[in-house]
Amino acid sequence: MKLTLMCAKSENDVIGNDNKLPWSIKDDLKLFASITKKAGFVLMGRSTFESMGSKPLPERENIILSTTMDKDTGDEDIIVVDSIEEFMCMFDDVDCEVVVIGGSKVYDQFVDLVEVMYISEIDCEIDGDSYFPSVDYDLFEMETVECFPEDERNE
């Protein structure tokens, strides 16, 4: 398994406020969809899942890390695991890419395990209640930088 992380964060590391994204950047959402659909698997916490209407992201297998969700969701595109250990046991020997998509508690658990990070840094400082963990970016190699200027598609 290849473990990847994807996140949009402000300059002061805010990733959410009141269980919502604090911005609307359509070009970044398009990038998110492209990368996660290519991987085929996304991993998120229960709160992130609920922030998306408690519906799985289409065209992807959705892995929800939760100690309170029922494992039998009735949806074949949702896998519920109650610990990082259970997730690793299920996927360690599987030839796939899993993209960790949040929230902050899940990022905290996985940030030291990922091989690749896709970080969209939003050019602002903003108030929020959910933060991306501290990362030593020197341990990673920067491959691409893209800018999405503010316009009618990107607030």
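In short, a report on the structure. Since this is a predicted model, take the numbers as computed values, not measurements.

**Focus on the packing of aromatic side chains**
(1) Moving on: Summed over the entire model, instances satisfying the criterion amount to four aromatic pairs.
(2) Moving on: Ring centres of Phe41 and Phe91 lie 5.4 Å apart, and the angle between their planes is 80°; this geometry places the pair in the edge-to-face category. Here Phe41, found in strand β3 (residues 40–45), pairs with Phe91, found in helix α3 (residues 84–91); they are 50 residues apart in sequence, far enough to count as distant.
(3) Moving on: Relative to Phe132, the ring of Tyr107 lies with its centre 5.1 Å away and its plane at 70°, an arrangement referred to as edge-to-face.

**A look at the sheet that holds strand β6 (residues 97–102)**
(1) Moving on: Pairing is parallel in the open sheet, where six strands are placed in the order β5-β4-β3-β6-β1-β7. Taken across any chain shown, the strands that pair with only one partner, and hence form the sheet edges, are β5 (78–81) and β7 (116–122). The mean inter-strand angle of the sheet, taken between neighbouring strand axes irrespective of direction, is 20°.
(2) Moving on: Strands β1 (2–10), β3, β6 and β7 of the sheet are contacted by helix α1 (residues 26–39), whose axis makes an angle of about 115° with β3.
(3) Moving on: Against the sheet, α3 makes contact with β1, β3, β4 (61–65), β5 and β6, and its axis sits at roughly 130° relative to β5, the strand it touches most.

**Remarks on the nonpolar core**
One recurring pattern in soluble globular proteins: nonpolar side chains tend to sit buried together.
(1) Moving on: Counting 23 residues, the largest nonpolar core has Leu5, Leu43, Ile63, Phe87, Val98, Phe110 and Phe132 as the members making the most contacts within it.
(2) Moving on: The set of elements that each furnish at least two residues to this core consists of β1, β3, β4, α3, β6 and α4 (104–110).

**Overview of α3**
(1) Moving on: Along α3, the residues classified as buried are Ile84, Phe87 and Phe91. Buried residues of α3, viewed axially, fall in a sector of 60°; they line one side. Among the exposed residues of α3, those pointing more than 90 degrees away from its buried face are Glu85 and Cys89.
(2) Moving on: Its buried side turned inward, α3 meets β1, β3, β4, β5, β6 and α4.

**Points about the pattern of salt bridges**
(1) Moving on: For the structure on display, the rule yields eight salt bridges.
(2) Moving on: Its salt-bridge partner being Lys37, residue Glu59 comes within 3.5 Å of it at the nearest N-O pair. Taken together, the residues Glu59 in the loop between α2 (46–51) and β4 and Lys37 in helix α1 connect sequence positions 22 residues apart.
(3) Moving on: Looking at Glu59, the relative accessible area reads 60%, which means it is exposed.
(4) Moving on: By relative accessible area, Lys37 is classed as partly exposed at 34%.
(5) Moving on: For the salt bridge of Asp82 with Lys71, the shortest nitrogen-to-oxygen distance reads 3.9 Å. Here the residue Asp82 occupies a position in the loop between β5 and α3, and Lys71 occupies one in the loop between β4 and β5, the gap between them amounting to 11 residues.
(6) Moving on: Judged by its relative accessible area of 38%, Asp82 is partly exposed.
(7) Moving on: The class of Lys71 is partly exposed, set by a relative accessible area of 40%.
(8) Moving on: One network of salt bridges, in which partners are shared, links Lys9, Asp13 and Glu121.

**A closer look at the environment of Met52**
(1) Moving on: Looking at the element boundaries, Met52 is found in the loop between α2 and β4.
(2) Moving on: Residues in contact with Met52, not counting those within four places in the same chain, are Met44 and Leu57.

So, how was this worked out
Residues numbered from 1 in each chain as written. Predicted model: local features only at pLDDT ≥ 70, side-chain atom pairs only at ≥ 80, totals over all residues. Heavy atoms only, no water. Phe/Tyr/Trp six-rings, centres within 6.5 Å; stacked < 30°, edge-to-face > 60°. Helix = DSSP H or I, 4+ residues; strand = E, 2+ residues; numbered from the N terminus. Pairing = 2+ DSSP bridges. Axes fitted to C-alpha atoms, helices over the stretch in contact; angles between N-to-C directions. Contact = heavy atoms within 4.5 Å. Core = buried A, V, L, I, M, F, W, Y, C linked by side-chain atoms within 4.5 Å. Buried < 20%, exposed > 50% of the residue type's maximum accessible area, 1.4 Å probe, protein only. Arc of directions from axis to C-beta. Salt bridge = Lys/Arg side-chain N within 4 Å of Asp/Glu carboxyl O.

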